[in-house]
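A structural walkthrough
If you want the building blocks of each chain, they are given just below.
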Amino acid sequence: MLPPDPRFRPQSRRKQPKRAAASSRRTAPQSADPERIYVRPLPSPPHAALLTFRGLTLRCAIGRTGVTHAKQKREGDGKSPIGRYVLEWCALRPDRRPPMPRSQLPTIVLRRSDGWCDEPTSPAYNRAVRLPVSISAEAMWRPDGLYDAVIGLSHNTAPRQRRMGSAIFFHLARPGLQATEGCVAIPRSAMRRILPFLSERTQMVILAPADAGRPKRV
């Protein structure tokens, strides 16, 4: 089996060139406050939620069985993990027309060989792999277009724990905002609208139902 694909590692974890300590102290910029995408579960059905970002509020899809606290998340439970997550990378299908706009995130051009390991017993669990492999892995070059634009969230990525959930992504939704297996999904038109504003200082906050507040009209 080939090693995990380094293209999907967050920029902050890639090896950076060393700088002189004194120079770094003089030139280090102040970190900007994060921008947040809020995902608020609706009372029903379990996979319905509202996403809010930069004044835009729209319906989105979450896990088919709703949400759960991140530490209680398990592989295959169909739940979206409650918590605050960093947007680690963005991957785009290069053959789609019109092409999706670029974000400010580290961006990967998807390949037909790209996959994501969902086998909890594998050392590559919850990492990108190159297909074909002998272990269970999801193909990211999908015929349904859900990963024409896909963003990796930082759930269970550093450190990774077995069976705590894999492939928690922010991606395109199925028609009718059908349920996901734990990801957050929005319509293609909405993704095209917000992609240019997503950067490494953007965070996604998936709220518990008790914290979601009163449902809003969209």
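Presented here is an overview of the structure given in this document.

Counting residues in hydrophobic clusters, the biggest one holds 33 residues, and the most contacted among them are Leu51, Phe170 and Met204. Broken down by element, this core gets its largest block of residues, five residues, from strand S5 (residues 80–92). Not counting residues within four places of it along the chain, the set of residues in contact with Phe170 comprises Ile37, Leu51, Ala149, Val150, Ile151, Leu153, Val184, Ile186, Met191, Ile194, Leu198 and Met204. Ranked by size, the runner-up nonpolar core spans 15 residues in total, among them Trp89, Leu110, Ala128 and Met140.

Now for the sheet that holds strand S9 (residues 137–139). Spatially, the three strands line up as an open sheet ordered S8-S7-S9, and their pairing is antiparallel. Strands at the two margins of the open sheet, each flanked by one partner only, are strand S8 (128–130) and S9. Across the sheet, the mean angle from the axis of one strand to that of its neighbour is 40 degrees, orientation sign disregarded. Examined bridge by bridge, strand S7 (residues 114–117) and S8 share three bridges and lie antiparallel to one another. Across the sheet, Trp116 pairs through a bridge with Ala128, a residue of S8.

This part is about the pattern of salt bridges. Throughout the structure, instances matching the rule amount to nine salt bridges. For Glu35, the salt bridge goes to Arg54, with nearest N and O atoms at 3.0 Å. Taken together, the positions of Glu35 in strand S1 (residues 35–41) and Arg54 in the loop between strand S2 (48–53) and strand S3 (56–61) put the pair 19 residues apart, joining distant regions of the chain. Judged by relative accessible area, Glu35 falls into the buried class, the value being 17%. Note that Glu181 is salt-bridged to Arg64, the shortest N-O span being 3.0 Å. Here Glu181 is found in the loop between strand S11 (169–172) and strand S12 (184–186), whereas its partner Arg64 is found in the loop between S3 and strand S4 (67–69), with 117 residues between them in sequence. Assessed through its relative accessible area of 53%, Glu181 is described here as exposed. The network of salt bridges with common partners includes Arg96, Asp148 and Arg188.

This paragraph deals with the environment of Gly66. Secondary-structure assignment places Gly66 in the loop between S3 and S4. For Gly66, a relative accessible area of 8% corresponds to the buried category. Considering only alpha carbons, one finds Gly66 and Ala179, 113 residues apart in sequence, at a separation of 9.0 Å. Among residues more than four places away in sequence, those in contact with Gly66 are Pro46, Gly78, Lys79 and Ser80.

Here is what the cut-offs are and how they apply
- Residues numbered from 1 in each chain as written.
- Predicted model: local features only at pLDDT ≥ 70, side-chain atom pairs only at ≥ 80, totals over all residues.
- Heavy atoms only, no water.
- Core = buried A, V, L, I, M, F, W, Y, C linked by side-chain atoms within 4.5 Å.
- Buried < 20%, exposed > 50% of the residue type's maximum accessible area, 1.4 Å probe, protein only.
- Helix = DSSP H or I, 4+ residues; strand = E, 2+ residues; numbered from the N terminus.
- Contact = heavy atoms within 4.5 Å.
- Pairing = 2+ DSSP bridges.
- Axes fitted to C-alpha atoms, helices over the stretch in contact; angles between N-to-C directions.
- Salt bridge = Lys/Arg side-chain N within 4 Å of Asp/Glu carboxyl O.

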